[in-house]
Amino acid sequence: MDSWDALKRECADCRRCELGSTRTNLVFGVGNENADVMFIGEGPGEQEDRKGEPFVGPAGQLLDTMLEIIDLDRTKVYIANIVKCRPPRNRDPLPDEQMACIGWLQRQIELVNPRILVFLGRIAATAFIRADFRITKEHGQWYNVLGRPAMALYHPSALLRDPSKRPETFVDLKQLQQEIRKLS
Ligand code: URA
């Protein structure tokens, strides 16, 4: 049986791709290891790389606000990324890097065993929902991923760049909240 201790120990020294040689810190994941809802982002940025924790920069502050809107916070959810090491200059993680890394995330999903998955942005959604997933058209819709309801939201960084997308995300968040309420 897999365990958090084994997974964290094995993952800590990961060199499965080139990003392992440029990282300051590996960004494993954070939050409630028994969460009902798991959020999956793209990959660490500069501040996350420095701190070893996901979503601690400006996008993370907005993610905290998004969680607050639906009565959640970081103690109630689990947060991880498709890749655990920062891509140079914050470029998109390459397909090879995603493939090398995603096994760690799959083990995290198995251990958390969340009732609902939420993908933050296109990269996470294409990795789990469909390779040609269109975030502009398909955010806020429900899919079945690994046997559970799953939805993609605009990435908080996209909402920082383009605040006109925020009302749509508010609607998506409220739908997510309704699905969470069905769990109890
Ligand atoms: N963007 C992400 O996708 N993940 C982080 O951890 C930070 C910014």
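The structure reproduced in this document is the subject of the present report. (Residues numbered from 1 in each chain as written. Predicted model: local features only at pLDDT ≥ 70, side-chain atom pairs only at ≥ 80, totals over all residues. Heavy atoms only, no water.)

Here the focus is the site of the ligand. Around the ligand, the structure places Gly-41, Glu-42, Gly-43, Glu-48, Pro-54, Phe-55, Asn-81 and His-155. Residue Gly-43 places a main-chain N or O atom 3.0 Å away from a nitrogen atom belonging to the ligand. Separating a nitrogen atom of the ligand from a side-chain N or O atom of Asn-81 is a distance of 2.8 Å. Burial of the ligand by the protein amounts to 93% of the accessible area it has alone, namely 240 Å². Per-class residue counts for the shell around the ligand are two nonpolar, four polar and two charged. (Near = heavy atom within 4 Å. Polar contact = N/O pair within 3.5 Å; in protein donor to acceptor, adjacent residues only side chain to side chain. Areas by Shrake-Rupley, 256 points an atom, 1.4 Å probe, with all protein chains shown as cover. Nonpolar A, V, L, I, M, F, W, Y, C, P; charged D, E, K, R; others polar.)

One recurring pattern in soluble globular proteins: nonpolar side chains tend to sit buried together. If you look at the biggest cluster of nonpolar residues, it comprises 56 residues, and the most contacted ones within it are Met-38, Phe-39, Ile-40, Leu-105, Phe-119, Phe-128 and Leu-176. Top element by residues in this core is helix α5 (residues 95–112). It accounts for seven residues. (Core = buried A, V, L, I, M, F, W, Y, C linked by side-chain atoms within 4.5 Å. Buried < 20%, exposed > 50% of the residue type's maximum accessible area, 1.4 Å probe, protein only. Helix = DSSP H or I, 4+ residues; strand = E, 2+ residues; numbered from the N terminus.)

What follows covers empty space enclosed by the protein. Under the defined criterion, the tally for this structure stands at one cavity of 30 Å³ or more. Roughly 100 Å³ of internal volume is contained in the largest cavity. Among the secondary structure elements, those contributing two or more residues to the lining of the largest cavity are α2 (19–22) and α5. If one sorts the elements of the lining of the largest cavity by residue count, α5 sits on top with four residues. Here the lining of the largest cavity is composed, by residue class, of 10 nonpolar, one polar and five charged. (1 Å grid on protein atoms, 1.4 Å probe; cavity = no way out; pocket = protein on both sides within 12 Å on 5 of 7 lines; lining within 4 Å. Points joined across faces, edges and corners; volume = space filled by probe spheres on them.)

So, about the layout of surface pockets. Estimated volume of the largest pocket: approximately 640 Å³. As for the largest pocket, its lining consists of 30 residues, and the residues nearest its centre are Glu-42, Ala-59, His-155, Ser-157 and Arg-161. Looking at the lining of the largest pocket, the elements with two or more residues in it are α3 (46–51), α4 (58–69), α6 (122–128), α7 (135–138) and α8 (156–161). If you tally residues by element for the lining of the largest pocket, the top one is α8, at four residues. Of the residues belonging to the lining of the largest pocket, the class tally is 12 nonpolar, 10 polar and eight charged.

Another aspect to go through is helix α1 (residues 4–12). Three or more residues of α1 are buried, namely Trp-4, Ala-6, Leu-7 and Cys-11. All buried residues of α1 lie within an arc of 165° about the axis, which places them on one face of the element. In α1, the exposed positions angled more than 90 degrees off the buried face are occupied by Asp-5 and Arg-9. Buried residues along α1 sit against β3 (78–81) and α5. (Arc of directions from axis to C-beta. Contact = heavy atoms within 4.5 Å.)

Attention shifts here to α5. Here α5 spans 25 Å end to end across 18 residues, near enough to the 26 Å set by a 1.5 Å rise per residue. In α5, a bend of some 40° at Cys-101 exceeds every other bend along the element. The complete set of buried residues in α5 reads Glu-97, Gln-98, Ala-100, Cys-101, Ile-102, Trp-104, Leu-105, Arg-107, Gln-108, Ile-109, Leu-111 and Val-112. The positive-phi residue at the C-terminal boundary of α5 is Asn-113, with phi of around 50°. (Expected span 1.5 Å × (residues − 1). Bend = angle between axes of the 7 residues up to and from the residue.)

Further remarks concern the packing of aromatic side chains. Across all of its chains, the model carries four aromatic pairs by this definition. Judged by centre distance (5.5 Å) and plane angle (40°), the ring pair of Trp-4 and Tyr-78 falls under tilted. Here Trp-4 is found in helix α1, whereas its partner Tyr-78 is found in strand β3, with 74 residues between them in sequence. Exposure remark for Trp-4: the relative accessible area of 14% places this residue in the buried category. Taking 5.2 Å as the distance between ring centres and 15° as the angle between the ring planes, the aromatic pair formed by Phe-119 and Phe-128 counts as stacked. By the burial criterion, Phe-119 is buried, and Phe-128 matches it. Lying over the aromatic face of Phe-28, Lys-84 brings its terminal NZ or CZ to 5.6 Å of the ring centre. Positioned above the aromatic ring of Tyr-154, the side-chain terminus of Lys-165 is 5.3 Å from the ring centre. (Phe/Tyr/Trp six-rings, centres within 6.5 Å; stacked < 30°, edge-to-face > 60°. Lys NZ or Arg CZ within 6 Å of the ring centre and 35° of its normal.)

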